[in-house]
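A structural walkthrough
Residue-level listing of the chains:
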Amino acid sequence: MAVATWRYRGCPEAEQPAVLVRFANGRLQRPDSVRFTVYRHKDAAHPRKKHQRILVSETERLSYVGNNFGSEVMKCNTLCRYFVGVLDKDSGQMDVYNAEIFNMQPLLSDNLIPDDTKDYQKKSYREKMDLCIEAFGTSKQKRALNSRRMNAVGNDTLNTAVTKAAANVIDAKGVTALIQDVAQDDVQNISIFLPPCNEDADKPENVYKFEDILSPAEYEALQVPAAVFVNITAEEIAKKTDDKSHCSFVLEELKFLPADEKSRDHKARCLWFLDTLIKFSYLKVIKKKHPMGPECPHIISRKLMKNFTSLTYNNGSVQNLVSASMKAKIAAYVIALALHINNFQTDLTILQNDLKLPESRMIDIAKAMRLKISKAKGLPGLESDQNHRLGTLSLPLPAQKASGSQRKRKKMT
């Protein structure tokens, strides 16, 4: 913070405070070379306007302006009082003066000469609108304009720095090493969105614990909506298949509900939540308070919004977005739940079709979850001449590897 102590000519010293100057975009390297000019309101009789001041400073590169009135004035001037002390070394006494802080903002555009309209006609629509905002805009519009210009300057500097840094990394490591790093990073990025994995588990059901997929409270809340599956008939399943009201995996598993009442209820709850997860993955921007409908329990809606969406800022508001990474996370939890439903072996191809994911993406997620991948023919969900990919969770867990496409790319280099 620079300090400029000056007095107005012809004005009592007590009425004119000393000036403390702070520059919004950094510190001055040579503060002694800066020239300051102060302007005061010409209406000296008005009780408020007579204290209004505008401070202007110039450096070799930029001009700055600050004021003590309006919406841009610093709040600390109204909440605190500041003083400047001047010490007389000979007498040892100090004179104390009132002080006021001015926040100096860079002036990024030159003023137009009113009589010269040639340059004005050459300006773009955006530049003309900015000039109108400067002259007639509200305080909010002026602050937004100033922020946009500051960000534009910062972005240019950042882009230059990033480009230079990237060139230095490429020169230092080489293209081959960078490709290998990307392949490893892809596996690590997928792992971030997997359910918690217990690598020291003694049984397959403890690798991805059921409680990490559905908490006891969430599981309890599924009893009411899943009741429609508990007593479902073969005719109802056939109708739902024709209507495609549920995903293929769920419709197929509904044909094989256990006869035991407790096991039947458990599988019905798991299938209802798995179906809801897959349907939720189809959404993009969440605009409704209850995106899955009123029949979805509140605790489940909250789980979906909290765990399977990312926040984004758009058009002045915060929105929940089901991004590509969130779809991968949903796929991982769907696979984990399907493993619990199917005794830790599940058809990845049917789940892949339900989730509308590429096969390579589905296999990458399954391998990151340490599943053994195998092929089988003649299973429901695809034509009989097509192969299904089966994922099996067994112990000991296989080592985590990069995807096949990434390994091929390494061999090419």
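Residues numbered from 1 in each chain as written. Predicted model: local features only at pLDDT ≥ 70, side-chain atom pairs only at ≥ 80, totals over all residues. Heavy atoms only, no water.

**Digging into the pattern of salt bridges**
Just so we agree on the cut-off: A pairing counts as a salt bridge when a side-chain nitrogen of Lys or Arg comes within 4 Å of a carboxyl oxygen of Asp or Glu. Labels follow the DSSP assignment, with helices taken as runs of H or I lasting at least four residues and strands as runs of E lasting at least two, numbered in each case from the N terminus. Type-normalised accessible area, obtained with a 1.4 Å probe on protein chains alone, sets the label of each residue: buried when under 20%, exposed when over 50%, and partly exposed for intermediate values.
A complete count under the given rule lists eleven salt bridges for this structure. Among the ionic pairs, Asp-275 bridges to Lys-279, the shortest N-O distance being 3.1 Å. In this pair, Asp-275 and Lys-279 are both assigned in helix α11 (residues 261-281), four residues apart and thus about one turn of the helix distant. A residue is classified by how much of its surface remains accessible, and Asp-275, at 4% relative accessible area, is buried. Ionic pairing is found between Arg-389 and Glu-359, a salt bridge with its closest N-O pair at 3.2 Å. With Arg-389 in strand β13 (residues 387-392) and Glu-359 in helix α15 (residues 359-368), this pair connects stretches of sequence that are 30 residues apart.

**A short note on helix α12 (residues 298-307)**
Three- or four-residue spacings in an α-helix give side chains the same orientation, since the helix completes a turn every 3.6 residues. Applied cut-off: To be clear, the arc concerns the directions from the helix axis to the C-beta atoms. Any two residues whose heavy atoms approach within 4.5 Å are treated as being in contact.
For α12, every residue scored as buried is listed here: Ile-300, Ser-301, Lys-303 and Leu-304. For α12, the angular spread of the buried residues around the axis is 160°, confining them to a single face. When the buried face of α12 is taken as reference, the exposed residues oriented beyond 90 degrees from it are His-298, Arg-302 and Lys-306. On its buried side, α12 packs onto α6 (210-213), α7 (216-221) and α11.

**What about the packing of helix α13 (residues 324-341) against helix α14 (residues 348-355)?**
A pair of packed helices is characterised by two quantities: the angle between their axes and the separation of those axes. Rules: Working convention: axes come from line fits to C-alpha atoms, limited for helices to the stretch in contact. Angles between N-to-C directions cover 0 to 180 degrees. Our angle categories are set so that under 35 degrees counts as roughly parallel, over 145 as roughly antiparallel, 65 to 115 as roughly perpendicular, and the remainder as oblique. Each crossing gets its hand from how the near helix is turned against the far one by less than a right angle, where anticlockwise is left-handed and clockwise is right-handed. When residue character is reported, Ala, Val, Leu, Ile, Met, Phe, Trp, Tyr, Cys and Pro are called nonpolar, Asp, Glu, Lys and Arg charged, and the others, Gly included, polar.
Packing of α13 against α14 brings their axes to within 11 Å, and their N-to-C directions diverge by 140°. As the angle between them shows, α13 and α14 are arranged oblique. Two packed elements cross with a definite hand, and for α13 against α14 that hand is right-handed. On α14, the residues that touch Ile-330, Ala-331, Val-334, Ile-335 and Ala-338 of α13 are Leu-348, Leu-351 and Leu-355. Among the residues making up the contact of α13 with α14, the classes are represented as eight nonpolar, no polar and no charged.

**Details of the confidence of the model for the protein chain**
Put simply, the test is: Every residue is assigned a pLDDT by the predictor, reflecting its confidence on a scale from 0 to 100.
When pLDDT is averaged along the protein chain, the result is 79, and 75% of the positions lie at 70 or above. Element-level mean pLDDT values for the protein chain span from 44 in strand β1 (residues 2-4) up to 94 in α11. Predicted confidence is poor over residues 111-115, with pLDDT under 50, and the contacts of this stretch with residues over four places away or in other chains come to three contacts. Overall, residues 403-413 carries pLDDT values under 50, and its contacts beyond four positions in sequence, including any with other chains, amount to 14 contacts.

**Observations regarding the nonpolar core**
One broad rule of soluble globular proteins: the nonpolar side chains tend to lie buried together. Let me state the cut-off plainly: For this analysis, a nonpolar core means a set of buried residues of the types Ala, Val, Leu, Ile, Met, Phe, Trp, Tyr and Cys, connected via side-chain atoms within 4.5 Å.
Counting 62 residues, the largest nonpolar core has Phe-249, Leu-274, Ile-335 and Met-369 as its most contacted members. At 13 residues, α13 tops the list of elements feeding residues into this core. Look past the residues within four positions of Ile-335 in its chain and what remains in contact with it is Leu-348, Leu-351, Met-362, Ile-365, Met-369 and Leu-371. Counting residues in hydrophobic clusters, the runner-up holds seven residues, among them Val-19, Phe-23, Tyr-64 and Phe-102.

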